[in-house]
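# Descriptive analysis of the structure
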Amino acid sequence: MKSTVLWALIALNAMLATTFVLRMIKPNAAYAQNNRPGDYIMLPGTAIGQSGAMIYIIDQSSQQLSGMIVNQKGGLENVKPIDLQHAFSNAEGGAAKKPGKK
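Below or above, wherever it landed, is the structure these notes cover. None of the values given here were measured: they were computed from a predicted structure.

Calculation criteria
Residues numbered from 1 in each chain as written. Predicted model: local features only at pLDDT ≥ 70, side-chain atom pairs only at ≥ 80, totals over all residues. Heavy atoms only, no water. Pairing = 2+ DSSP bridges. Helix = DSSP H or I, 4+ residues; strand = E, 2+ residues; numbered from the N terminus. Axes fitted to C-alpha atoms, helices over the stretch in contact; angles between N-to-C directions. Contact = heavy atoms within 4.5 Å.

Here 6 bridges tie strand E2 (residues 53–59) to strand E3 (residues 64–70), and the two strands are oriented antiparallel to one another. Each residue of the ladder has a partner; that of methionine 54, found in E3, is isoleucine 69. Between E2 and E3, which pair antiparallel one after the other, the connecting turn spans 4 residues, and glutamine 63 there sits at a positive phi close to 55°. Sheet analysis places E3 next to strand E4 (residues 76–83), joined by 6 bridges and oriented antiparallel. Residue pairing across strands places glutamine 64 opposite aspartate 83, the latter belonging to E4. The antiparallel hairpin formed by E3 and E4 contains 5 residues in its connecting segment, where glycine 74 sits at a positive phi of about 90°.

Structure representation (structure tokens):
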């Protein structure tokens, strides 16, 4: 009985020592998900039909407009992103055509 407990403690200590050594060898660094951190424009504003403030966020690298609404409790709610390239391409070819052009 004593030898079984002794060998179990030896195996547990070996596993803990190995885990400790591997944690010390591996670098403890945090990496950002986005390689271009300076491509955001954030603007404060209000939204029609909302009682709280809104933060508009333009991501220049992916050409998307999104936002966050500050609700009555002080929390933030995300707004579905809008693809700006798609929105502006529809605006160019829509009702605002110049006369004489086909």
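On to the sheet that holds strand E1 (residues 40–46). With antiparallel pairing, 4 strands are arranged side by side in an open sheet as E1-E2-E3-E4. The open sheet is flanked by E1 and E4, the only strands paired with a single partner. Strand-to-strand, the axes of this sheet are offset by a mean angle of 20°, without reference to chain direction.

This part takes up the environment of alanine 53. Within the secondary structure, alanine 53 sits in strand E2. Between the C-alpha atom of alanine 53 and that of methionine 68, which follows or precedes it by 15 residues, the distance is 8.7 Å. Contact partners of alanine 53, with chain neighbours within four places excluded, come to Gly45, Met68, Ile69 and Val70.

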